[in-house]
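Structure at a glance
What follows is the residue order along each chain.
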Amino acid sequence: MKISDGTAVQIDYTLRNDAGEVLDTSEGRGPLAYLHGAGNIIPGLEAALEGKGAGDTLSVSIPPAEGYGERDEAMVMTVALSQLPDRKLAQVGAHLNVQTGQGIRLATVTAVTGSRVTLDLNHPLAGETLHFDVHVVDIQEASAEERAHGHVHAHGGHAH
Ligand code: ZN
């Protein structure tokens, strides 16, 4: 069976940035299970996996536009320390959810100066070219229920 829309796929992967640093890997926690064609994974990786078979390996470099998008400096904002839900969040690297016009987004605190806090609402991997090494572990026909839900249930997939 080849990877196509409606297949439940398991992959082992390692993700590195341009500097070769490992950003994420399935090593040590088992393969990632996803429903192909449902947008469960970034577009560039989904496209690269189309038509691959079990046991195949691939190395693919994905530009930001096919990954987590370009950085948008308009998504960086400064707020008063008093606007934070908790003073403990006033440290660089802290994460908090922020209500925006486009819904709730995860923000990262990137600077704290006096009573002002800088929040970056870009995805942490926005603007990064993503280098994936992938091993296709398994391909199955997804169940009707999985296709209806838009995600897989088996093998460490979505839990309800
Ligand atoms: Zn489900």
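The text that follows walks through the structure, step by step, so that each part is easy to find. (Residues numbered from 1 in each chain as written. Predicted model: local features only at pLDDT ≥ 70, side-chain atom pairs only at ≥ 80, totals over all residues. Heavy atoms only, no water.)

A short note on the coordination of the zinc ion
For the zinc ion, the full set of protein donor atoms is His149 (ND1), His151 (NE2), His153 (NE2) and His160 (NE2), and the range of their distances to it is 1.9 to 2.1 Å. Mapped onto the sequence, the residues coordinating the zinc ion show the spacing H-x1-H-x1-H-x6-H. (Donors = N, O, S within 2.8 Å, 3.2 Å for Na, K, Ca; no water.)

Observations regarding the sheet that holds strand β6 (residues 95-100)
Read from one edge of the open sheet, four strands run β5-β8-β7-β6, paired in antiparallel fashion. On the outer flanks of this sheet lie β5 (76-80) and β6, each paired with one strand and no other. In this sheet, neighbouring strand axes are inclined to one another by 45 degrees on average, regardless of whether the strands run parallel or antiparallel. (Pairing = 2+ DSSP bridges. Helix = DSSP H or I, 4+ residues; strand = E, 2+ residues; numbered from the N terminus. Axes fitted to C-alpha atoms, helices over the stretch in contact; angles between N-to-C directions.)

Considerations on the pairing of strand β9 (residues 130-141)
Examined bridge by bridge, strand β1 (residues 7-16) and β9 share ten bridges and lie antiparallel to one another. Looking at β9, one finds that arginine 16 is bridged to histidine 131.

Here's the deal with the pairing of β6
Residues Leu96, Val98 and Thr100 of β6 are buried on one face, while the alternating residues His95, Asn97 and Gln99, pointing to the opposite face, are not. Two elements, β6 and strand β7 (residues 103-113), share six bridges in a ladder whose sense is antiparallel. Paired with leucine 96 across the bridge in β7 is alanine 107. Between β6 and β7, which pair antiparallel in sequence order, lie two residues. (Buried < 20%, exposed > 50% of the residue type's maximum accessible area, 1.4 Å probe, protein only.)

Points about the nonpolar core
Of all hydrophobic cores here, the largest spans 20 residues; its most connected members are Ile11, Leu45, Leu49, Phe132, Val134 and Val136. Elements that contribute at least two residues to this core include exactly β1, α1 (43-49), β4 (57-62) and β9. Among the elements that take part in this core, β9 stands out by supplying five residues, more than any other. If near-sequence neighbours (up to four positions away) are discounted, phenylalanine 132 is found in contact with Tyr13, Thr14, Leu15, Ile42, Leu45, Leu58, Ser59, Val60 and Ile62. (Core = buried A, V, L, I, M, F, W, Y, C linked by side-chain atoms within 4.5 Å. Contact = heavy atoms within 4.5 Å.)

Purely spatial values, then, with no claim about function.
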